Amino acid sequence: MARVVHRPADGDDRVLAADAAVADSLLAKARGLMFRRSFPGDALVFPFDGVGDRTLHMVAVPFDIDAVWLRDGRVERVARLSAWTGLGRAPADAVIELPAGVADGVSAGDEMLIEGR
């Protein structure tokens, strides 16, 4: 499990997830949140070996989420993805999926720390 901390440029650190699951295998990354009724832990972190276009889809995910794409610990994009139909894409070396509303206040350019992965 990992901890996700939001570090905005103009404010105090805020823990977004104290007990985030890490999708550290190809199978875990492929499954993501599909066919689940809730998050494993309080978020799902997808680490990658390098920066690339990372696409998220919401097929078979029955709840809305907030998605955060990171490059070198900096937020590239934040999006609310709708259940079943949402789609998002951005260049990233890590993606964090959070319950809808948790990433409110997170903006492109902010720093995000993933501790303990």
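Each value, and the rule that gives it
Residues numbered from 1 in each chain as written. Predicted model: local features only at pLDDT ≥ 70, side-chain atom pairs only at ≥ 80, totals over all residues. Heavy atoms only, no water. Pairing = 2+ DSSP bridges. Helix = DSSP H or I, 4+ residues; strand = E, 2+ residues; numbered from the N terminus. Phe/Tyr/Trp six-rings, centres within 6.5 Å; stacked < 30°, edge-to-face > 60°. Lys NZ or Arg CZ within 6 Å of the ring centre and 35° of its normal. Core = buried A, V, L, I, M, F, W, Y, C linked by side-chain atoms within 4.5 Å. Buried < 20%, exposed > 50% of the residue type's maximum accessible area, 1.4 Å probe, protein only. Lys, Arg positive; Asp, Glu negative; His and termini not counted. Salt bridge = Lys/Arg side-chain N within 4 Å of Asp/Glu carboxyl O. Polar contact = N/O pair within 3.5 Å; in protein donor to acceptor, adjacent residues only side chain to side chain. Contact = heavy atoms within 4.5 Å.

Draft legend 1. Representation of the pairing of strand β6 (residues 87-99) in the model. Bridge analysis of strand β3 (residues 44-57) against β6 gives 10 bridges, and the strand direction is antiparallel. Following the sheet pairing, Leu44 is matched in β6 by Glu97. Relative to β6, strand β4 (residues 65-71) runs antiparallel, the two sharing six bridges. What sits directly across from Asp66, in β6, is Leu98.

Draft legend 2. Layout of the pairing of strand β1 (residues 2-7). Relative to strand β2 (residues 14-22), β1 runs antiparallel, the two sharing four bridges. For Val5, the partnering residue across the bridge sits in β2 and is Val15. The turn joining β1 and β2, which pair antiparallel and follow one another in sequence, is formed by six residues. Here five bridges tie β1 to strand β7 (residues 111-115), and the two strands are oriented antiparallel to one another. When the bridges of β7 are listed, Arg7 appears paired with Glu111.

Draft legend 3. Expanded view of the packing of aromatic side chains. Considering all chains together, one arrives at one aromatic pair under this definition. The aromatic ring of Phe48 is capped on one face by Arg54, whose charged end is 4.0 Å from the ring centroid.

Draft legend 4. Main features of the nonpolar core. Counting 20 residues, the largest nonpolar core has Leu33, Ile65, Trp69 and Leu81 as its most contacted members. Looking at this core, the elements with two or more residues in it are β3, β4, β5 (74-81) and β6. Val4, Ala20, Ile96 and Leu98 belong to the second largest nonpolar core, which has 17 residues in total.

Draft legend 5. Quick look at the side chain of Arg54. In this structure, Arg54 sits in strand β3. Lacking a salt bridge, the buried Arg54 has Asp93 as its closest oppositely charged neighbour, with an N-O distance of 7.6 Å. Engagement of the side chain of Arg54 in a polar contact is seen with the backbone oxygen of Gly50, the distance being 2.6 Å. If sequence neighbours within four positions are ignored, Arg54 has contacts with Phe48, Trp69, Gly88, Arg89, Ala90, Ala92 and Val95.

Draft legend 6. Geometry of unusual backbone geometry. Not every positive phi belongs to a glycine, and Phe35 is a case in point at roughly 65 degrees. Looking at where Phe35 falls in the secondary structure, it is placed in the loop between α1 (26-31) and β3. Accessibility expressed as a relative area gives 66% for Phe35, which makes it exposed. Even without a glycine there, the phi angle at Trp84 is positive, about 70 degrees.

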